[in-house]
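# Descriptive structure summary
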2 protein chains.
Amino acid sequence: MRNLKDLTYGIVGLGIMGGSIAKAVREHILSQNGAKGKIYVCNRSTACLTQALNEGVADKAFTSTEYDKLLPECDIVYVCLYPHATLEFLKTNREYFKSGAVVTDISGVKGIFEKELPSILRDDVDFVIGHPMAGGEKEGYAHSTASMFINHNYILCPIKSNKEENLELMRRFITEIGFTRITETTCDIHDYKIGFTSQLCHVIACSLVDSAKDEGITAFGGGSFEDLTRIAMINAPLWTELFVSNKEKLVNHIEVFEKQINAFKEAIKTENKEKLMELMEESREKRIKMGSIRTIAK
Amino acid sequence: MRNLKDLTYGIVGLGIMGGSIAKAVREHILSQNGAKGKIYVCNRSTACLTQALNEGVADKAFTSTEYDKLLPECDIVYVCLYPHATLEFLKTNREYFKSGAVVTDISGVKGIFEKELPSILRDDVDFVIGHPMAGGEKEGYAHSTASMFINHNYILCPIKSNKEENLELMRRFITEIGFTRITETTCDIHDYKIGFTSQLCHVIACSLVDSAKDEGITAFGGGSFEDLTRIAMINAPLWTELFVSNKEKLVNHIEVFEKQINAFKEAIKTENKEKLMELMEESREKRIKMGSIRTIAK
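Residues numbered from 1 in each chain as written. Chains lettered and ligands numbered in written order. Predicted model: local features only at pLDDT ≥ 70, side-chain atom pairs only at ≥ 80, totals over all residues. Heavy atoms only, no water.

### Regarding the overall build of chain A
Of the regular secondary structure elements, chain A holds eleven helices and nine strands. For chain A, whose C-alpha radius of gyration is 21 Å, the value lies close to the compact-globule estimate of 19 Å for 298 residues. Each of the three principal axes of chain A carries a C-alpha extent, and together these read 70 × 40 × 35 Å. Per-residue burial for chain A yields a buried fraction of 58% across its 298 residues. Expressed as a percentage of contacts within chain A between residues at least 6 apart in sequence, the contacts between residues at least 24 apart total 74%. Only carbon and sulfur atoms are counted for the fraction: they give 49% of the accessible area of chain A, which is about 11900 Å². (Helix = DSSP H or I, 4+ residues; strand = E, 2+ residues; numbered from the N terminus. Rg over C-alpha atoms; globule rule 2.2 N^0.38 Å. Buried < 20%, exposed > 50% of the residue type's maximum accessible area, 1.4 Å probe, protein only. Contact = heavy atoms within 4.5 Å. Areas by Shrake-Rupley, 256 points an atom, 1.4 Å probe, with all protein chains shown as cover.)

### So, the interface of chain A and chain B
Size of an interface, as often reported, equals the accessible area lost when the parts are brought together. Taken together, the contacts link 88 residues of chain A with 88 residues of chain B. For the pairing of chain A and chain B, the buried interface totals around 9200 Å² over both sides, and the portion due to carbon and sulfur atoms is 67%. Looking only at chain A, the three residues that lose the most surface to chain B are Asp210, Phe220 and Arg287 of chain A, adding up to 9% of its buried area. In this assembly, chain A and chain B are joined by twelve salt bridges. When the shortest N-O distance is used, the salt bridge between Arg284 of chain B and Glu139 of chain A registers 3.5 Å. (Buried area = accessible area lost by both parts, 1.4 Å probe. Salt bridge = Lys/Arg side-chain N within 4 Å of Asp/Glu carboxyl O.)

### Quick notes on unusual backbone geometry
Working note: non-glycine residues mostly have negative phi, and peptide bonds are mostly trans. Positioned with a positive phi, Glu271 of chain A is a non-glycine residue whose angle comes to about 50°. We note that Asn151 of chain B has phi near 70°; this positive angle belongs to a residue other than glycine. Among the secondary structure elements, Asn151 of chain B is positioned in the loop between β7 (130-133) and β8 (153-156).

### Considerations on the relation of the copies chain A and chain B
Mapping chain A onto chain B calls for a rotation angle of 180° and an axial translation of 0.0 Å; the resulting RMSD is 0.0 Å. Seen this way, the second copy is the image of the first under a two-fold rotation axis. Of every C-alpha in chain A, the one belonging to Leu228 of chain A sits nearest the axis of rotation, 2.3 Å from it. Both copies contact each other with a shared surface, as 100% of the interface residues of chain A are interface residues in chain B too. (Least-squares fit on C-alpha atoms with pLDDT ≥ 70 in both.)

### Observations regarding the sheet that holds strand β5 (residues 102-105) of chain A
Residue and element names in this part refer to chain A. With parallel pairing, the six strands of this open sheet are ordered in space as β3-β2-β1-β4-β5-β6. Each having just a single partner strand, β3 (60-63) and β6 (126-128) make up the two edges of the open sheet. Across the sheet, the mean angle from the axis of one strand to that of its neighbour is 20°, orientation sign disregarded. Here β5 runs beside β6; their pairing, made up of three bridges, is parallel. In the strand pairing of β6, Val102 is matched with Asp126. (Pairing = 2+ DSSP bridges. Axes fitted to C-alpha atoms, helices over the stretch in contact; angles between N-to-C directions.)

### Re the pattern of salt bridges
Taken as a whole and judged by the stated rule, the model has 32 salt bridges over all chains. A salt bridge links Asp227 of chain A to Arg230 of chain B, with the nearest nitrogen and oxygen atoms 2.6 Å apart. A residue pair is termed interchain when its members come from two chains, as with Asp227 of chain A in helix α8 (residues 224-229) and Arg230 of chain B in the loop between α8 (224-229) and α9 (236-245). This pair shows no difference in class: Asp227 of chain A is buried, exactly as Arg230 of chain B is. Lys110 of chain B is paired through a salt bridge with Asp105 of chain B; the nearest N and O atoms lie 2.9 Å apart. Overall, the relative accessible area of 0% leaves Lys110 of chain B in the buried class.

### Remarks on the environment of Glu88 of chain B
Residues and elements named next belong to chain B. Mapped onto the secondary structure, Glu88 falls in helix α4 (residues 83-92). We classify Glu88 as partly exposed; its relative accessible area is 43%. C-alpha separation for the pair Glu88 and Ile120, spaced 32 residues apart in sequence, amounts to 9.4 Å.

### A closer look at the packing of aromatic side chains
Taken as a whole, this structure holds 23 aromatic pairs over all chains when the rule is applied. Members of the aromatic cluster, connected to one another through ring pairs, are Tyr9, Tyr78 and Phe173 of chain A. (Phe/Tyr/Trp six-rings, centres within 6.5 Å; stacked < 30°, edge-to-face > 60°.)

### Comments concerning the pairing of strand β9 (residues 181-184) of chain A
Residue and element names in this part refer to chain A. With four bridges connecting them, strand β8 (residues 153-156) and β9 associate as parallel partners. Pairing of Ile155 across the sheet is with Thr183, part of β9. In this view, the connection linking β8 to its parallel neighbour β9 by way of helix α6 (residues 164-176) has right-handed handedness. (Right-handed = clockwise from strand over helix to strand, strands pointing away.)

### Describing the side chain of Thr185 of chain A
For Thr185 of chain A, the position within the fold is in the loop between β9 and α7 (187-211). By relative accessible area, Thr185 of chain A is classed as buried at 14%. Dropping the residues within four chain positions of it, Thr185 of chain A is found in contact with Ile155, Leu156, Cys157, Pro158 and His190 of chain A together with Phe220 of chain B.

### A short note on the sheet that holds β9 of chain A
All names here are of chain A. Spatially, the three strands line up as an open sheet ordered β7-β8-β9, and their pairing is mixed. Of all the strands in the sheet, the pair left with one neighbour each is β7 (130-133) and β9. With direction set aside, neighbouring strand axes in the sheet form an average angle of 15°. Those strands touched by α6 are β8 and β9, and its axis lies near 165° from that of β8.

### Regarding the packing of helix α10 (residues 247-269) of chain A against helix α11 (residues 273-290) of chain A
Residue and element names in this part refer to chain A. Contact geometry for α10 and α11: axes closest at 8 Å, N-to-C directions at 150°. For the crossing formed where α10 meets α11, the hand is left-handed. The segment α10 lies against α11, with Gln260, Ala263, Phe264, Ala267 and Ile268 engaging Lys275, Leu276, Leu279 and Met280. Here the contact of α10 with α11 is composed, by residue class, of seven nonpolar, one polar and one charged. (Left-handed = near helix turned anticlockwise from the far one by under 90°. Nonpolar A, V, L, I, M, F, W, Y, C, P; charged D, E, K, R; others polar.)

### Focus: α6 of chain A
Counted at 1.5 Å a residue, the expected span for α6 of chain A with its 13 residues is 18 Å, and the 18 Å between its end C-alpha atoms agrees. Two residues or fewer after α6 of chain A comes Gly178 of chain A, characterised by a positive phi angle close to 125°. (Expected span 1.5 Å × (residues − 1).)

### What about the confidence of the model for chain A?
It should be kept in mind that the predicted coordinates are not to be read in detail where pLDDT is low. Residues and elements named next belong to chain A. Model confidence for chain A is summarised by a mean pLDDT of 93, while 97% of its residues fall at 70 or above. Predicted confidence is poor over residues 294-298, with pLDDT under 50, and the contacts of this stretch with residues over four places away or in other chains come to ten contacts. The ipTM value of the predicted complex is 0.88, and its pTM value is 0.89. (pLDDT = per-residue confidence, 0-100.)

What follows is the structure, given as structure tokens:
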């Protein structure tokens with residue numbers, strides 16, 4: 001079994017996610033006694049590369065025209081780009097991967113990967129489909145931290161072609177960089193559930209902010225509006241891609257939600273107190289059972 | 001001008017709000033040098049009364065059959081009951097208030113007060129309509145704290161009958177117990193804006209939880225769903241009353257929100273990326289301008 005502390009890690013795309021992965025590997029894995037592993041990073045713009053080198057986060061940095069130099073060195077490649085850019089990257093650079101490399105990504109939609117991967121990847125390169133459930137409304141390497149993943153969830157979507165030893169390597173890796181709950185499921189179930197817990201929530205938050213008549217509304221805020229709309233400070237190009245890539249499932253979730261809010265509206269309109277009590281008792285009970293989704297604060 | 005540290009405060013209803021007001025008065029006002037003021041509390045159930053006495057929060061405690069003993073003593077009366085129970089309390093006990101007393105409440109709807117008060121109150125008792133914008137999904141005296149109001153918003157809705165000196169007394173009082181931003185407006189505007197920032201958010205949060213197919217959804221949570229649904233652990237009887245008391249304005253807000261989420265749905269369905277970008281750029285810009293609604297965390 002390969003030892004995590006002796007591997008060479010390639011991080012493609014050094015934004016908040018790629019940067020946090022690099023920092024977490026440095027702090028939690030390569031700081032171990034006798035570690036021989038390396039972190040190689042690459043990014044289209046170069047300011048963050050210089051920063052990562054200066055901070056001792058990266059051992060070497062590459063630009064986006066040097067994948068042919070980077071990829072042959074890397075045992076684990078973390079592609080931290082937008083979903084379609086990730087697929088494009090895999091297609092364009094398939095010949096450069098090291099034989100036996102484990103490749104993975106961070107995309108919030110997985111069905112397109114399951115569909116496209118067979119025609120893209122080489123037999124001697126193992127792509128492990130996964131989704132680190134962490135992030136935030138902040139963007140860029142400047143906001144990355146080594147502690148970003150502590151106590152967060154990770155979803156793995158194993159496919160037939162995955163070697164068990166590589167899945168096990170990923171599980172160990174994910175755990176070492178801080179994730180505490182790994183859920184393994186299919187790409188289809190992933191996209192269905194993420195369509196609900198993440199995408200639907202972003203659609204709701206944006207719709208709520210877009211509904212606000214004026215920005216002065218905040219003088220009337222007691223906390224609820226702030227909590228519901230933090231994620232509306234959204235990365236529009238990324239989420240446009242996520243929403244469209246998962247449109248059938250997401251539209252289905254929106255419609256179920258629309259029915260629920262309509263039931264509330266009708267009960268309020270008709271002053272049906274019994275129905276309102278019933279709807280709210282249900283949400284109270286359900287939400288309490290769900291408990292705290294993460295155990296510590298961000 | 002009356003000195004806050006020498007007044008007798010009557011807190012009617014010792015739940016999380018009444019308890020926090022009592023504790024904040026004790027800590028921030030009556031702890032001042034030479035303070036001669038008193039805190040008198042009353043509540044239907046008596047366990048919290050004993051606790052408040054034992055903790056030194058209250059000087060005297062009364063049951064709900066002893067309003068005739070409590071009210072003649074109090075310079076400021078804070079009624080911390082549900083909205084209709086507050087009106088009922090004022091009607092039933094109008095004869096017991098001390099002449100010159102300032103009375104106020106905590107209800108999340110204000111239109112019903114403006115409408116009902118003239119026929120309820122005596123000329124020598126001044127009711128200041130206001131709304132402390134603080135709280136949480138926790139209930140009861142056990143969850144009350146002296147720091148609950150620090151950096152929160154307060155809405156005052158002055159009416160013609162209010163004496164300027166009593167409004168000024170309330171402003172000083174509110175500031176002393178921690179509130180940092182006081183907004184003064186009409187009951188009508190209050191109910192319109194609160195219908196948006198608070199009530200609509202609660203309807204959305206409950207509808208979202210009610211839409212969840214299973215409670216195991218939390219393994220797929222990255223934080224968004226948790227943030228959007230914390231307030232779904234709702235006090236159903238209280239919010240039923242709030243929603244119904246403000247139904248015209250709330251239903252209007254729900255309908256505007258429904259139109260916005262429908263615009264999102266149509267853009268996703270038709271893969272209209274340009275429209276999605278536009279909707280999200282709008283929410284991003286707007287939300288950033290709104291800034292942090294409160295300056296410190298809960």
